[in-house]
Amino acid sequence: TQLLEQSPQFLSIQEGENLTVYCNSSSVFSSLQWYRQEPGEGPVLLVTVVTGGEVKKLKRLTFQFGDARKDSSLHITAAQPGDTGLYLCAGVHAGGTSYGKLTFGQGTILTVHP
Amino acid sequence: DTGVSQDPRHKITKRGQNVTFRCDPISEHNRLYWYRQTLGQGPEFLTYFQNEAQLEKSRLLSDRFSAERPKGSFSTLEIQRTEQGDSAMYLCASSRQEVSGYTFGSGTRLTVV
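Residue positions are given per chain, counted from 1 along the sequence in the order it is written. Labels follow written order: the first chain is A, the first ligand is 1, and so on. Only residues with pLDDT of at least 70 get local features here, since the model is predicted, and only at 80 or more are side-chain atom pairs given and counted; chain-wide, interface and lining totals rely on the full set of residues. The side-chain numbers reported here are obtained from all heavy atoms of the structure, hydrogens and water having been left aside.

What is the right way to read the sheet that holds strand S3 (residues 19–25) of chain A from this model?
All names here are of chain A. Pairing is antiparallel across the open sheet formed by five strands, whose spatial order is S1-S3-S8-S7-S6. In this open sheet, the two edge strands, each paired with only one partner strand, are strand S1 (4–7) and strand S6 (55–58). Direction aside, neighbouring strands of the sheet carry axes that sit 15° apart on average. When DSSP finds two or more bridges between two strands, those strands count as paired. Secondary structure elements are defined from DSSP: runs of H or I of at least 4 residues count as helices, runs of E of at least 2 residues count as strands, and each element is numbered from the N terminus. Where S1 lies against S3, four bridges are found, and the strand directions are antiparallel. Residue Gln6 lies in a different strand from S3, and its bridge partner there is Cys23. Helix axes are fitted to C-alpha atoms over the stretch in contact, other axes to C-alpha atoms as well, and angles between N-to-C directions run from 0 to 180 degrees.

Right, dumping it as structure tokens:
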């Protein structure tokens, strides 16, 4: 069974601080995705990383994919209250009948205080 | 295109009743997925369709759960004889064949009392 472990599970910080969320897998997925989810809504895709060592930036968010494609991180610079939400990493399954299926980590609940 | 639409948004039902949820995916997406999410957790895979074919079902999907996608467009998820443990957010998502990224609906929040 392929599992994704996210840490930390909860993060409460002040506006302007930096933070990093980690996602570690027991095995290799074909790619890894990060989502953000607000209460009462479905997850919204932020980024997909595919290549080992890949780094992608989305404004103040920086996503890294480990060289072995088994771990990833999300770094937020100068967090703002609007960044508050549940951040989820998800591994995309590569082959067979599971192709395209997502396995999610348990999520990181981020609260940014003004 | 208005994205993935789920109906109803909220459902409260008594234990033992049957419930049915509907999902309308993005029109050009041929893959449709159902996930279940409990509070503070990540979504768990239930089942998915490629066009009208149901290709995989999770062990989480007991005999009381059934999903259909009769014409390869909208999908329904039915839960028979609901139990309190079925209380959760049921999420639908769709994607193209190439799986460039999912689009999720806003979910159906089920509460079994």
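There is more to say after this.
Would you mind showing me how to read the interface of chain A and chain B here?
The parts lose accessible area when they come together, and the size of an interface is often stated as this lost area. Here, residues are in contact when the closest pair of their heavy atoms is within 4.5 Å. Taken together, the contact between chain A and chain B spans 23 residues of the former and 24 residues of the latter. Summed over both partners, the interface of chain A with chain B buries about 1700 Å², with 49% contributed by carbon and sulfur atoms. When a carboxyl oxygen of Asp or Glu is within 4 Å of a side-chain nitrogen of Lys or Arg, the pair counts as a salt bridge. Seen at the junction of chain A and chain B, the total is two salt bridges. Polar contact is defined as a pair of N or O atoms within 3.5 Å, subject to the rule that within protein one atom must be able to donate a hydrogen and the other to accept it, and that residues adjacent in sequence are counted only when both atoms are side-chain atoms. Our count for the contact surface shared by chain A and chain B stands at seven residue pairs in polar contact (both at pLDDT 80 or more). Secondary-structure elements contributing two or more residues to the side of chain A that touches chain B are strand S4 (31–37), strand S5 (44–49), strand S9 (85–92) and strand S10 (102–104) of chain A. Residues of the side of chain A that touches chain B, tallied by class, amount to ten nonpolar, eleven polar and two charged. Joining two parts hides part of their accessible area as seen by a 1.4 Å probe, and the buried area is that hidden amount summed over both. When residue character is reported, Ala, Val, Leu, Ile, Met, Phe, Trp, Tyr, Cys and Pro are called nonpolar, Asp, Glu, Lys and Arg charged, and the others, Gly included, polar.

Explanation requested: the nonpolar core in the structure shown.
As a rule of thumb, soluble globular proteins bury nonpolar side chains together. Nonpolar cores are built from buried Ala, Val, Leu, Ile, Met, Phe, Trp, Tyr and Cys residues. Side-chain atoms within 4.5 Å join them into one set. Throughout this description, buried means an accessible area under 20% of the type-specific maximum (1.4 Å probe, protein chains only), exposed means over 50%, and partly exposed covers the range between. Within the largest apolar cluster, 20 residues are counted, with the highest numbers of intra-cluster contacts made by Leu19, Leu32, Trp34, Leu74, Ile76 and Leu110 of chain A. When contributions to this core are tallied by element, the ones reaching two or more residues are S3, S4, S5, strand S7 (61–65), strand S8 (71–76), S9 and strand S11 (108–113) of chain A. Grouped together as the second largest cluster of nonpolar side chains are 19 residues, Val4, Leu46, Ala88 and Cys92 of chain B included.

When you look at the state of the cysteines in this model, what are you seeing that I'm missing?
Here a disulfide denotes one covalent bond, and it connects the sulfur atoms of two cysteines. Residue and element names in this part refer to chain A. Criterion for a disulfide: a pair of cysteine sulfur atoms within 2.5 Å. Using the criterion set out here, one finds two disulfides over all chains in the structure. Cys23 shares a disulfide with Cys89; S-S distance 2.0 Å. On the S-S bond that ties Cys23 to Cys89, the torsion sits near 75°, and the link is right-handed. Here the residue Cys23 occupies a position in strand S3, and Cys89 occupies one in strand S9, the gap between them amounting to 66 residues.

Is there a simple way to explain the environment of Asn30 of chain B in this structure?
Residues and elements named next belong to chain B. Among the structural elements, Asn30 can be located in the loop between strand S3 (19–24) and strand S4 (31–37). Asn30 sits in the buried class, given a relative accessible area of 18%. Spatially, the C-alpha atoms of Asn30 and Asn51 are 5.0 Å apart, while their sequence positions differ by 21 residues.

Can you help me understand the pairing of strand S8 (residues 75–79) of chain B in this one?
Residue and element names in this part refer to chain B. Burial analysis of S8 places four of its five residues in the buried class, the great majority of the element. Pairing between S3 and S8: five bridges, direction antiparallel. Among the inter-strand pairings, Arg22 is bridged to a residue of S8, identified as Thr76. In this structure, strand S7 (residues 65–68) lies alongside S8, joined through four bridges in antiparallel fashion. Opposite Phe65, over in S8, you have Ile79 as the bridge partner. In this structure, the hairpin formed by S7 and S8 is closed by a connection of six residues, where Gly72 is found at a positive phi of approximately 70°.

Quick question: what am I supposed to make of the packing of aromatic side chains here?
The way to describe two aromatic rings as a pair is by their centre distance and the angle between their planes. Here the aromatic set is Phe, Tyr and Trp, taking the six-membered ring for Trp, and pairing holds for ring centres within 6.5 Å; pairs whose planes are under 30 degrees apart are stacked, those over 60 apart are edge-to-face, and all others are tilted. Within the structure shown, the criterion is met by 14 aromatic pairs over all chains. Between Tyr35 of chain B and Phe104 of chain B, the ring centres sit 5.9 Å apart and the planes meet at 55°, which makes this aromatic pair tilted. Here Phe104 of chain B lies in strand S10 (residues 103–104) and Tyr35 of chain B lies in strand S4, a separation of 69 residues in the sequence. For the pair shown, Tyr35 of chain B and Phe104 of chain B are each scored as buried. Ring pairs connect the aromatic residues Tyr35 and Phe104 of chain A together with Tyr33, Tyr35, Phe45, Tyr48, Tyr102 and Phe104 of chain B, which therefore count as one cluster.

Sorry, what's going on with the side chain of Arg64 of chain B here?
All names here are of chain B. Following the sequence through the fold, Arg64 ends up in the loop between strand S6 (53–57) and S7. A polar contact of 2.9 Å, which involves the side chain of Arg64, links it to the side chain of Asp86. Contacts of Arg64, omitting those with residues within four sequence positions, involve Glu78, Ile79, Gln80, Arg81, Thr82, Glu83 and Asp86.

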